[in-house]
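# Working through the structure, step by step
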Amino acid sequence: MQSLLDLLTGLRAAPMLPVAVVFLLVGSGALLWPTLTGGSRGEARRRLRVEEASVAARPAPAARRREEAVREKAVKTAQDFYAKSDPENVARLRLKLIQAGYMDPGAVGTFFLVRFGALAACAALAFLAVTLFGSEASPMNRVVFIGMLAAGGYFVPGFWLSRKVSARMREYRNGFPDFMDLMIVCSDAGMSMEAGIERVSRELTKTHPALAQNLQLVSIELRAGRGLDDALKSLADRLSLDDVRSFATLLQQSRELGTSLSGALRVFSDEMRHKRMALAEEKAHALPAKMSVPVTVCILPVVMMIAIIPIIVKMSG
């Protein structure tokens, strides 16, 4: 401490110009140091990026590969088992999964594993709840409660899949008129139907990605040699829309009769837009009838209480 005081006293007694010059040089060096060493730091950062890229490019560890192999084997076993026991149900489930957007061939086995996993989880949760909070209940009530929760866990994935299919159908229905408008533009530009579908599938990637994915599958099928009518019928099965089936029929009739394709597409697009507007108007007109139930349940009791309670209080007083 005494040495620090002596240093400060010496600085106070010394002339200020040399001290200011020293501090100026030190500050300038501190400011210029990052600039002078930027090359080495940039090189270090580049090496770190290269090392991270090499680490990311390395193959997965053996443990992860084993887990993936076990999962794929379990999915394949479940799918093969149900395919042998009930092939029609598996085919319907496969089509429903495709309509929901799950194109993976192992989606059926994954769905069955998820379903039985949810059943086991709900049964275990119900058993835990009964053990902790249902000590006074009878054994029959415990069994019924566990069975009900297990059945709920078994049917929840199917209910969620149906909701997913409905949401996808709504998305397809909203995006198909835009697809028709772009097809009209491609037809007026002189493009063939196959080239137009491929072009429109690229244009709809950002606005309607699910519809664009299915249109890309149509383009791949056409490249593989499949007929346009069969490819569009397969598209109608994947989208589960009657409009797509009507579109395939329109193309077939236009090709057989030799009519103008762009004119037929324009008329069909206008009809689809009118149909979509009619559906919106139908929902808007059905809204008052749907709102009557919550109004009756939630608002009417409050109004009755406000109207009756003062009379009751006055009569009791």
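All values derive from a computational prediction rather than experimental measurement. (Residues numbered from 1 in each chain as written. Predicted model: local features only at pLDDT ≥ 70, side-chain atom pairs only at ≥ 80, totals over all residues. Heavy atoms only, no water.)

## Comments concerning the confidence of the model for the protein
- The predicted model of the protein has a mean per-residue pLDDT of 75, with 73% of residues at 70 or higher.
- Low pLDDT (under 50) marks residues 11–24, which in the prediction has two contacts with non-local residues, meaning those over four places away or in another chain. (pLDDT = per-residue confidence, 0-100. Contact = heavy atoms within 4.5 Å.)

## Looking at a positive patch on the surface
- Together, Arg-163, Arg-170, Lys-283 and Lys-290 make up a positively charged patch on the protein surface.
- Going through the elements one at a time, α7 (139–188) and α12 (261–316) are the ones with two or more residues in the positive patch.
- Examined against the element boundaries, Lys-283 turns out to sit in helix α12.
- Given the relative accessible area of 59%, Lys-283 is considered exposed. (Patch = residues over 30% accessible without salt bridge, like charges linked within 9 Å, V, L, I, M, F, W, Y side chains within 5 Å. Areas by Shrake-Rupley, 256 points an atom, 1.4 Å probe, with all protein chains shown as cover. Salt bridge = Lys/Arg side-chain N within 4 Å of Asp/Glu carboxyl O. Lys, Arg positive; Asp, Glu negative; His and termini not counted. Charge placed at Lys NZ, Arg CZ, Asp CG, Glu CD. Helix = DSSP H or I, 4+ residues; strand = E, 2+ residues; numbered from the N terminus. Buried < 20%, exposed > 50% of the residue type's maximum accessible area, 1.4 Å probe, protein only.)

## Concerning helix α9 (residues 209–223)
- In this model, α9 (15 residues) spans 21 Å end to end at C-alpha, consistent with the 21 Å of a helix rising 1.5 Å per residue.
- All buried positions along α9 are accounted for by Ala-210, Leu-211, Ala-212, Asn-214, Leu-215, Val-218, Ser-219, Glu-221 and Leu-222.
- On its buried face, α9 is in contact with α7, α8 (193–203) and α10 (228–239).
- Looking one or two places after α9, you find Gly-225, whose phi comes out positive at around 105 degrees. (Expected span 1.5 Å × (residues − 1).)

## Quick notes on the pattern of salt bridges
- Across all of its chains, the model carries nine salt bridges by this definition.
- Two residues, Arg-223 and Glu-198, come together in a salt bridge whose shortest N-O distance is 2.3 Å. Of this pair, Arg-223 sits in helix α9 while Glu-198 sits in helix α8, and the two are 25 residues apart along the sequence.
- According to the relative accessible area criterion, Arg-223 is exposed, its value standing at 60%.

## Brief notes about the packing of helix α6 (residues 107–133) against α7
- The N-to-C vectors of α6 and α7 enclose an angle of 150 degrees; their axes lie 8 Å apart at closest approach. The orientation of α6 relative to α7 falls into the category roughly antiparallel. As for how α6 packs across α7, the hand of that crossing is right-handed. Residues Phe-111, Val-114, Arg-115, Phe-116, Ala-118, Leu-119, Cys-122, Ala-123, Ala-126, Phe-127, Ala-129 and Val-130 of α6 pack against Arg-142, Phe-145, Ile-146, Leu-149, Ala-150, Gly-153, Tyr-154, Pro-157, Gly-158 and Leu-161 of α7.
- When the residues that make up the contact of α6 with α7 are grouped by side-chain class, the tally is 18 nonpolar, two polar and two charged. (Axes fitted to C-alpha atoms, helices over the stretch in contact; angles between N-to-C directions. Parallel < 35°, antiparallel > 145°, perpendicular 65-115°, else oblique. Left-handed = near helix turned anticlockwise from the far one by under 90°. Nonpolar A, V, L, I, M, F, W, Y, C, P; charged D, E, K, R; others polar.)

## Focus: the packing of aromatic side chains
- All chains considered together, the criterion is met by eight aromatic pairs.
- Relative to Phe-112, the ring of Phe-111 has its centre 6.2 Å away and its plane inclined at 65 degrees; by these criteria the two rings are edge-to-face.
- Ring geometry for Phe-247 versus Phe-268: centroids 6.3 Å apart, planes at 35 degrees, classification tilted. Of this pair, Phe-247 sits in helix α11 (residues 242–257) while Phe-268 sits in helix α12; the two residues are 21 residues apart in sequence, bridging distant segments of the chain. One exposure class covers both Phe-247 and Phe-268, and it is buried. (Phe/Tyr/Trp six-rings, centres within 6.5 Å; stacked < 30°, edge-to-face > 60°.)

## Considerations on a nonpolar patch on the surface
- A surface patch of nonpolar side chains, about 780 Å² in accessible area, is lined by Leu-287, Met-291, Val-295, Ile-299, Leu-300, Val-303, Met-304, Ile-308 and Ile-312.
- Within the secondary structure, Leu-287 is located in helix α12.

## Concerning the environment of Met-193
- Counting through the fold element by element, Met-193 comes out in helix α8.
- Sequence spacing of Met-193 and Leu-228 is 35 residues, and the spatial spacing of their C-alpha atoms is 8.7 Å.
- Apart from residues lying up to four places away in sequence, Met-193 is in contact with Met-183, Leu-228, Phe-247, Leu-251, Leu-261 and Leu-265.

## Topic: the packing of α7 against α9
- Relative orientation of the contacting elements α7 and α9 amounts to 70 degrees, with a least axis distance of 8 Å. Taken as axis vectors, α7 and α9 run roughly perpendicular relative to one another. Taken together, the residues of α9 that come into contact with α7 (itself represented by Arg-168, Glu-171, Tyr-172, Gly-175, Phe-176 and Phe-179) are Pro-209, Ala-210, Leu-211, Asn-214 and Leu-215.
- Grouping the constituent residues of the contact of α7 with α9 by class yields seven nonpolar, two polar and two charged.

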